Amino acid sequence: MTALLSILRSGPLMSVQDNGRYGFRARGVSTSGAMDRDAHAIANALVGNDPHAAAIEFALIGGAFTADRDTLIAVTGGSCQVEIAGKPVPTWESHSLKAGETLTVGALGGAVWGYIAISGGIAIPKMLGSRSTHVRTAVGGLNGKSLEAGDILPLGETGKLAPRTLGTPYLRGHGPISVIPGPQDDYFDADAWKTFLRQPYRTTTSRDRMAMVLDGPALNAFKGHDIVSDATVVGSIQVPGSGKPIVLTADGQTTGGYPKIATIASFDLARLAQLPAGQQFLFRAISADLAEDHAIHAEDRLAAVIAGLKS
């Protein structure tokens, strides 16, 4: 009999996410997947799942859950109050959740996106090779929608329930957010680039899984703010007529008609996505080759954290 996880209370933008849906952007299908891939992978590894397994993602506030079999749970993404049967347990490690007990996950501190992994993973059917939810097109997840109280999720088979902790600390990067110029970097003159790289920007509350609008000095595209729509990628920084940069994130559209001054380097995208509203930061431009080197290093660092988990 399939084990089930019941959602008793849900926070905002709660959905099922794995590592994403690849190979379909040319057909207009967004990548989706976890906003913070590292936190998602670590949560899964802590409960004995494949790091890319489907888990629950939430924004700012978690919820309450119960399972009808003994299982392991782990909550990552930031710091928050987590309780099992009314008893507090730490984040960033896994814990036993007995059948019928209630797991409650509170508000995140210092982060925006949180992850709840359950041993066995969320075993909903895959759509286009992924279980990730894209709400705007009702693709994947549980009937293509955000999760809410009353929803029931099937769980996959699990092996030995052995709680784990981090043996190697998981440390986020720091300093300016790295970007690779282009593809329309030539739409912006030297003054615009000086502004972009030397003046601070701030995250705002105008954000969801599709994009985040930044606040700060306006950027003027001297060639104009409208282009023939072309391809975008996760991390593209579009600059509309307002001059306020818009960063496309996991559910971002696959084409756009605004010039893109730069692209957030993949290894810094989650760090930007996790900055709470109102947080100031700077951009720095790096080459594609250096970005690739840093991305490889980031993958190695994540692998080392997962390999270093302790039972």
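Look up a bit, the structure's there.
Structural notes, computed from the coordinates. The structure presented is a predicted model; accordingly, all values stated were derived computationally and were not measured. (Residues numbered from 1 in each chain as written. Predicted model: local features only at pLDDT ≥ 70, side-chain atom pairs only at ≥ 80, totals over all residues. Heavy atoms only, no water.)

Judged by pairing direction, the sheet is antiparallel, and its 6 strands sit side by side in the order β7-β6-β9-β4-β1-β11 without closing on themselves. Sheet topology places β7 (87-89) and β11 (152-155) at the edges, where each strand pairs with a single neighbour. Mean inter-strand twist for the sheet, computed between neighbouring axes without regard to direction, equals 25°. As judged from the 3 bridges shared by strand β6 (residues 82-84) and β7, these two strands associate in the antiparallel manner. Note on β7: the bridge partner recorded for I84 is K87. (Pairing = 2+ DSSP bridges. Helix = DSSP H or I, 4+ residues; strand = E, 2+ residues; numbered from the N terminus. Axes fitted to C-alpha atoms, helices over the stretch in contact; angles between N-to-C directions.)

So, on to the packing of aromatic side chains. Scanning the entire structure with this criterion turns up 6 aromatic pairs. Relative to Y170, the ring of W92 lies with its centre 5.4 Å away and its plane at 25°, an arrangement referred to as stacked. Taken as a pair, W92 in the loop between β7 and β8 (94-97) and Y170 in the loop between β11 and β12 (177-181) lie far apart in primary sequence, 78 residues in all. An identical accessibility class is assigned to W92 and Y170; each is buried. A connected cluster of aromatic rings, assembled from ring pairs, spans W193, F196, Y201, F281 and F283. (Phe/Tyr/Trp six-rings, centres within 6.5 Å; stacked < 30°, edge-to-face > 60°. Buried < 20%, exposed > 50% of the residue type's maximum accessible area, 1.4 Å probe, protein only.)

Okay, the nonpolar core next. Ranked by internal contacts, the top residues of the largest apolar core, which has 28 residues, are I56, F65, L103, V105, I116, I122 and L153. Counting only elements with at least two residues in this core, the list comes to β1 (3-10), β3 (55-59), β4 (61-67), β5 (71-76), β6, β9 (102-107), β10 (113-118) and β11. Examining the composition of this core, we find that 3 residues originate from one element, β1, more than from any other. Leave out the neighbours within four places in its chain, and I122 touches V16, A54, A55, I56, R131, L153, P154 and L155. (Core = buried A, V, L, I, M, F, W, Y, C linked by side-chain atoms within 4.5 Å. Contact = heavy atoms within 4.5 Å.)

Two strands in a sheet stick together by hydrogen bonds in their backbones, pointing the same way (parallel) or opposite ways (antiparallel). One open sheet accounts for 5 strands, arranged β2-β3-β10-β5-β8; its pairing is antiparallel. Of all the strands in the sheet, the pair left with one neighbour each is β2 (15-17) and β8. Adjacent strand axes in the sheet meet at a mean angle of 30° when their direction is disregarded. Across 4 bridges, the pairing between β5 and β8 is antiparallel. Residue pairing for β8: I73 is matched across the bridge by H95. Packing of helix α1 (residues 37-46) onto the sheet brings it into contact with β2, β3, β5, β8 and β10, and relative to β5 it is tilted by some 155°.

For the rest of this paragraph, the subject is the pairing of β12. Relative to strand β21 (residues 283-285), β12 is paired through 3 bridges, and the arrangement is parallel. Bridging across to β21, V179 finds its partner in A285. As paired elements, β12 and strand β19 (residues 260-264) share 3 bridges and run antiparallel to each other. By the bridge assignment for β19, I180 is matched with T263.

Attention shifts here to the pairing of β10. Across the 6 residues that make up β10, a large majority, 6, are buried. Burial of the side chains of β10 extends over both faces: W113, Y115 and A117 are buried on one face and G114, I116 and I118 on the other. Examined bridge by bridge, β3 and β10 share 4 bridges and lie antiparallel to one another. The partner of E57 across the bridge, within β10, is Y115.

Attention now moves to helix α3 (residues 266-273). An α-helix turns once every 3.6 residues. As a result, residues three or four positions apart point the same way. In terms of burial, α3 is a largely internal element, 6 of the 8 residues being buried. All of the buried residues along α3 are D268, L269, A270, R271, L272 and A273.

Turning our attention to the side chain of R271. Looking at the element boundaries, R271 is found in helix α3. Separated by 3.1 Å, the side chains of R271 and D268 make a polar contact. Discounting residues that sit within four places of it in the chain, R271 has contacts with G173, H174, G175, P176 and I177. (Polar contact = N/O pair within 3.5 Å; in protein donor to acceptor, adjacent residues only side chain to side chain.)

Computed from the structure, the largest pocket encloses a volume of approximately 1,100 Å³. Forming the boundary of the largest pocket are 41 residues, of which D38, S266, F267, D268 and L269 lie nearest the centre. Within the residue set of the lining of the largest pocket, elements represented by two or more residues are α1, β19, α3 and α4 (288-307). By residue number, the principal contributor to the lining of the largest pocket is α4, which donates 8 residues. Its residues placed into classes, the lining of the largest pocket shows 19 nonpolar, 12 polar and 10 charged. Taken as a whole, the second largest pocket spans an internal volume of roughly 240 Å³. Residue lining of the second largest pocket: 19 residues in total, with R172, G173, R271, L275 and Q279 positioned closest to the centre. Classifying every residue of the lining of the second largest pocket gives 8 nonpolar, 9 polar and 2 charged. (1 Å grid on protein atoms, 1.4 Å probe; cavity = no way out; pocket = protein on both sides within 12 Å on 5 of 7 lines; lining within 4 Å. Points joined across faces, edges and corners; volume = space filled by probe spheres on them. Nonpolar A, V, L, I, M, F, W, Y, C, P; charged D, E, K, R; others polar.)

Right, let's get into α4. With 20 residues, α4 should cover 28 Å at 1.5 Å per step; its first-to-last C-alpha distance of 28 Å lies within 8% of that length. Contacts from the buried residues of α4 go to α1, β12 and α3. (Expected span 1.5 Å × (residues − 1).)

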